[in-house]
Every structure is written in C-alpha cells, then in structure tokens.
Amino acid sequence: QVQLVESGGGLVQTGGSLRLSCAASRRTFSSYAMGWFRQAPGKEREFVAAIMWNGGSTYYADSVKGRFTISRDNAKNTVYLQMNSLKPEDTAVYYCAFTETRTTLTRSNGYDYWGQGTQVTVSS
C-alpha cells in the first residue's frame, strides 16, 4: 500500500496563494500519474489537475487553468499544487491521488491511492 500525505492547506483571502504538497511514503517504481481532486460540502468530488509521472505532461480543469500549477519532484515522490489567485469557490477539501496504471485522469475512480485530504478555505 502506498500512503499519500497532503500538507499546505489553510485559510487564505481572495486573491491569495497556497501551495499544497503530497508526499508518498516510499519511492514507487511503477507510476503513471498523480492528480488533485477537490470536494466542497454537498458537492461531487471534482478533478482539479493531473501530471504524468515520467513525461510530466499536465492537465487542468477549466475552472483552475491559468491559476493553478501542478508539478512533481520524482526524487522525493512528491507532487505539488501551486494555487494562485484563489477564489471563494476554490474552497474545498483537496485530495491527492496516485495511480500505477493507465487511467482516465479526470475521473476519481481511475486512481488507486488517495491521501487523507487537506482543507483549503478562501475567504471573501
């Protein structure tokens, strides 16, 4: 089992920035992609961003494109989500996810492992 630990969530004002980190407990030798999803109260979990582990290609939801940047440090088995120009509608619990195999990157059921989630709250 691969354990993912998120950090970096918190409270920020509209227009502010946060950087989320997600570290795997141990180096993985079979990796396909890591992604970020979020879930606001009463809403469905939604795709935010994903990155291919080897090639580094990135994918973003339209709602965050141009504001969020996903990146990874292969040596540290860590993925980051830099969030800029935050809006109140970005408020949610953010989850890191990892998959070892090919998947549809924008679907939550395409991932094998999940972190515990970290709360991001953007005040107006």
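Residues numbered from 1 in each chain as written. Predicted model: local features only at pLDDT ≥ 70, side-chain atom pairs only at ≥ 80, totals over all residues. Heavy atoms only, no water.

A. Spatial organisation of the nonpolar core. Within the largest apolar cluster, 37 residues are counted, with the highest numbers of intra-cluster contacts made by Leu4, Trp36, Leu81, Met83 and Tyr94. In this structure Tyr94 touches Glu6, Leu20, Trp36, Phe37, Arg38, Val48, Phe68, Leu81, Met83, Gly117, Thr118 and Val120, once residues within four positions along its chain are discounted. (Core = buried A, V, L, I, M, F, W, Y, C linked by side-chain atoms within 4.5 Å. Buried < 20%, exposed > 50% of the residue type's maximum accessible area, 1.4 Å probe, protein only. Contact = heavy atoms within 4.5 Å.)

B. View of the state of the cysteines. Per the stated rule, a full pass over the model turns up 1 disulfide. Two residues, Cys22 and Cys96, share a disulfide whose sulfurs are 2.1 Å apart. Across the disulfide from Cys22 to Cys96, rotation about the S-S bond amounts to roughly -85°, and the bridge is consequently left-handed. Note that Cys22 is positioned in strand S3 (residues 18-24) and Cys96 in strand S9 (residues 92-99), a separation of 74 residues in sequence. With respect to class, Cys22 is no different from Cys96; both count as buried. (Disulfide = S-S within 2.5 Å. Helix = DSSP H or I, 4+ residues; strand = E, 2+ residues; numbered from the N terminus.)

C. Broad picture of the pattern of salt bridges. Summed over all chains, the structure comprises 4 salt bridges. Between Glu46 and Arg38 there is a salt bridge, with the nearest N and O atoms lying 2.7 Å from each other. A residue is classified by how much of its surface remains accessible, and Arg38, at 5% relative accessible area, is buried. Through salt bridges with shared partners, a single ionic network connects Arg38, Glu46, Arg67 and Asp90. (Salt bridge = Lys/Arg side-chain N within 4 Å of Asp/Glu carboxyl O.)

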